[in-house]
Amino acid sequence: MLTNSRELVSPRDTLFFAISTATGDGHRYIADLYGKGVRSFVVDNVAMLPEGVTDANVLVVDNSLHALQRLAGYHRSRFDIPVVAITGSRGKTVCKEWLYAMLKDRYRIVRSPGSYNSQVGVPLSLWEIDEKTSLAIIEAGISQAGEMERLEEIIRPTVGIFTCLTDEHAEGFASRHEKAAEKAKLFARCKTVVAPVDDVDITMALTAAVNQDNTAICTWSAMPRAKGVDAMIVDCSELLGASVTVRYAGKLNTYRYNLQFELPEQVSLFVGTTLLAIKLGVKQERLEKVASSLTDVSVRTHLVEGYNYSCIFIDDLPNDLPSINRAMQMCKDQYVSVLALADLDEDGLPPETRYEKLREIIENYKTGNLILIGPQMKKYFPRQERQQWETISFYDSVDDFEQRFDKSFLCPEIMFQVKGCRRMDMRRVADLLQARHHQTYETIDLAALVHNYKVFKARLNTSTHTLALVKADAYGTGSVNVARALVDAGIDYLAVAAIDEGSALVKAGITAPIIVLNPNVVDFDFMINDKLEPEVYNIEQATNLIAILKQRNDRHELNEPYPVHIKIDSGMHRLGFTREQLPRLFELFGNNPDLVEPRSVFTHLCVADEPEQDEYTLGQLDYFEQCAAMVREAFPKCHILRHALNTSGAVRFTERQMEMVRLGIGLYGIKTVFDGSEDLLWPVAALYSVIISIKEWPAGTTIGYGRKGVLSRPSRIATVTIGYADGYDRHYGNGRAHMWVGGTLCPTVGNVCMDAVMIDITDAPATIKVGDEVEVFGGHVPIEDLAAARDTIPYEVLTSVAPRVRRIYVNE
């Protein structure tokens, strides 16, 4: 069953569900899938069925999403097995992976891939259940009232756990109590539910949602003296929480677990997960053995810059067969050319069977180079399949890889995926290949980027083209990876400001057409070499372009007219032709029809985000349309796109979208208007650093250069390893900005230094220590607040993050 056209693997075996959402419509991808060999479709809008789809099975339903859910629900009903359902605001995937580790020696388990917990993800997870499955673990997440009842109907869980309740994704609920009540509906027919008793809203919601004659509610608490609970934390102070002592109801002894994590919410969730495992028959000996190997599981995959400008794709998901299958789909999506795999996690199968199944999974993909690490890979991986790969290399261990692998193999064209990095040995492989190890890093959420693109796309006509601005290294977020994600999502054009930016995209394998917005005359030869398309903005520049194209044509280096894009100055008064200047351009291009072809005509709106100046914006649009009509009349044989709307224009003047719109800062989650029209955007970038020193000082102590920071009280001061050389501007010092650490906003103290800044953590939890992470901007410190602190705009903050800061690309 397929809902994402980019994850196509085996066309003949695929049933595609064309699902319509607020941000996209799956019917748009039927023609492409049909061309790739898919012949079975579920649709709910026959009018969008493309012409030429003849020899295919087309199942017409009232609602494709509901059909997907009903089919998955029927499939689930065929199996009389325990099904564990997990919900909560946080920790669903962590709980699922921990529970899998505790149970996998007792059951043949199917579990949700990654974080497949949505209205679409849950049916796809249930579809994986087969006759050999003896237990399923399914995540369920909701974003608004009314969704959980549908998921409960198809999951039909027998056991459940409610992880926690926080303020994330609260927009779809009237109150915290309603949010808890909606989530609790998942457990209406469960025999056993595990939940934290410390949250009153959760316990009240469960009491109301289940029939307590049929459902046992088992509770845990983080409070040492909690009464009437099934599990409680007795002590977790030793080693700063790296070990925890737990008492279970009905047990005479307490049990101590050594853990690799220490945050209170992680320890609490661990206790709840062990309680659930005990209810499913797991013995204490097994829990104690597994506990020390559990990590704070990341559900994310991410990209970092590798040695010699390569890309390293780090996969933190488990190294078992279901996760390998998902990893191979990511290989295809990310154009991976090298895949490194280590010995697979144990799953109860004989090793010969396990590695034969691995062969079956990867044979559907054509990754160029395969690296296999570990003694089991060397012993059991079938050698007869080597001809599928350009190269296949075996290494006895990570140490062996570190000694023998030649890093000079890496280059800008290489995408290297390292699978199973939650294991410390494979993390070493990823670290070995990385170019930077600065503790300050920026995360770029590619899933949020694509979501934002879909938010804008949903406002446009289906025929309207889209152009994404990736200039200034994609507003400081990294143009290559951002461009790849947007092209995969369906963007039609990319635009940069300088030729070097466009050339870097071409060298990285980006195939979408790229417009250079402000080209210099001296750049034209280089631009033509890389097939970049210039903006033409005055007659002198256009004349020089024609001269260079004539030289190329005389040398037989020009096979067809070269594409250009004509800029109109409708009121910005920066670059572009006025109405009076256009006839000279028409004459120049008209005399050289074999050399140049206008592909689009466009203008730049200067106050589209300011409602009080709408009259000026409308005047710009009217003027532009007059000029665009002149351009089209002058070149009647050319198919010329018109585009004027930027991010603000796309939401405020949608009716004037013409044939294309240009999307800029809005793609990166930065709002440009504040009337609610951009509230669906998600932030893409977040900046983090770490504490490298903590000291306590009496009142009156001065902090930093110039002694500008004067303490008014006894204070605890932390030094954070980020400074103005990293892009953290000096204007942020002396309390004008804050960082988020330990759940507290902590103000800066004193002047910002080149490589460090001090913050006051006196009001933050006393448990904060050296090595703890701080958020510089992100979910708790809006980038808009930093912009206000230095009296600038978010654009400048985003583009100011220095190159030495690591970029980590995540994709949930």
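Please refer to the structure higher up on the page.
Note that the coordinates shown come from a computational prediction; the quantities given were computed from them, not determined experimentally.

## Some points on the overall build of the protein chain
- If you tally the helices and strands in the protein chain, you get 25 helices and 38 strands.
- Its C-alpha atoms give the protein chain a radius of gyration of 29 Å, within 12% of the compact-globule value 28 Å for 812 residues.
- Each principal axis of the C-alpha atoms in the protein chain carries an extent, and together these give about 95 × 80 × 60 Å.
- Counting only residues that meet the buried cut, the protein chain has 55% of its 812 residues in that class.
- Of the contacts made within the protein chain by residues no fewer than 6 positions apart, 65% connect residues no fewer than 24 positions apart.
- Of the roughly 34,900 Å² of accessible surface on the protein chain, a fraction of 50% belongs to carbon and sulfur atoms.
- In the protein chain, which carries 86 positive and 107 negative side-chain charges, the distance between the mean positions of the two groups comes to 5 Å.

## A few points about the nonpolar core
- If you look at the biggest cluster of nonpolar residues, it comprises 123 residues, and the most contacted ones within it are Leu-494 and Phe-589.
- No other element matches the 7 residues that helix α15 (residues 446–457) contributes to this core.
- Sequence-distant contacts of Phe-589, defined by excluding residues within four places in its chain, comprise Val-536, Ala-542, Ile-546, Val-564, Val-596, Pro-598 and Phe-635.
- Judged by nonpolar contacts, the second largest core, of 41 residues, contains Val-159, Ile-161, Val-244 and Tyr-255.

## Some details on the packing of helix α8 (residues 264–279) against helix α9 (residues 284–291)
- Across the interface, α8 lies against α9 with an axial gap of 11 Å and an inter-helix angle of 145°. Every pair of crossing elements has a handedness; the one defined by α8 and α9 is right-handed. Between α8, through Phe-270, Thr-274, Ala-277 and Ile-278, and α9, the contact on the second element is made entirely by Gln-284, Leu-287 and Ala-291.
- Here the contact of α8 with α9 is built from residues that sort into 5 nonpolar, 2 polar and no charged.

## Re empty space enclosed by the protein
- Across all of its chains, the model carries 2 cavities of 30 Å³ or more by this definition.
- The wall of the second largest cavity is formed by Leu-687, Gly-727, Tyr-728, Tyr-732, Phe-777, Leu-786, Val-797 and Val-801.
- Residue composition of the lining of the second largest cavity, grouped by class: 7 nonpolar, 1 polar and no charged.

## Section: α9
- By the burial criterion, the buried members of α9 are Gln-284, Arg-286, Leu-287, Val-290 and Ala-291. For α9, the arc enclosing every buried residue in end-on projection is 155°, short of the 170-degree limit, so these residues lie on one face. Exposed and facing more than 90 degrees away from the buried side of α9 are Glu-285 and Lys-289.
- Those residues of α9 hidden inside the fold are in contact with α3 (92–103), β13 (243–248), β14 (254–258) and α8.

## Some points on the sheet that holds strand β5 (residues 57–60)
- Judged by pairing direction, the sheet is parallel, and its 3 strands sit side by side in the order β1-β4-β5 without closing on themselves. Every other strand in the sheet has two partners, leaving β1 (16–17) and β5 as the edge strands with one partner each.
- Across 2 bridges, the pairing between β1 and strand β4 (residues 40–43) is parallel. Pairing of Phe-16 across the sheet is with Phe-41, part of β4.

Scoring rules and cut-offs
- Residues numbered from 1 in each chain as written.
- Predicted model: local features only at pLDDT ≥ 70, side-chain atom pairs only at ≥ 80, totals over all residues.
- Heavy atoms only, no water.
- Helix = DSSP H or I, 4+ residues; strand = E, 2+ residues; numbered from the N terminus.
- Rg over C-alpha atoms; globule rule 2.2 N^0.38 Å.
- Buried < 20%, exposed > 50% of the residue type's maximum accessible area, 1.4 Å probe, protein only.
- Contact = heavy atoms within 4.5 Å.
- Areas by Shrake-Rupley, 256 points an atom, 1.4 Å probe, with all protein chains shown as cover.
- Lys, Arg positive; Asp, Glu negative; His and termini not counted.
- Charge placed at Lys NZ, Arg CZ, Asp CG, Glu CD.
- Core = buried A, V, L, I, M, F, W, Y, C linked by side-chain atoms within 4.5 Å.
- Axes fitted to C-alpha atoms, helices over the stretch in contact; angles between N-to-C directions.
- Left-handed = near helix turned anticlockwise from the far one by under 90°.
- Nonpolar A, V, L, I, M, F, W, Y, C, P; charged D, E, K, R; others polar.
- 1 Å grid on protein atoms, 1.4 Å probe; cavity = no way out; pocket = protein on both sides within 12 Å on 5 of 7 lines; lining within 4 Å.
- Points joined across faces, edges and corners; volume = space filled by probe spheres on them.
- Arc of directions from axis to C-beta.
- Pairing = 2+ DSSP bridges.

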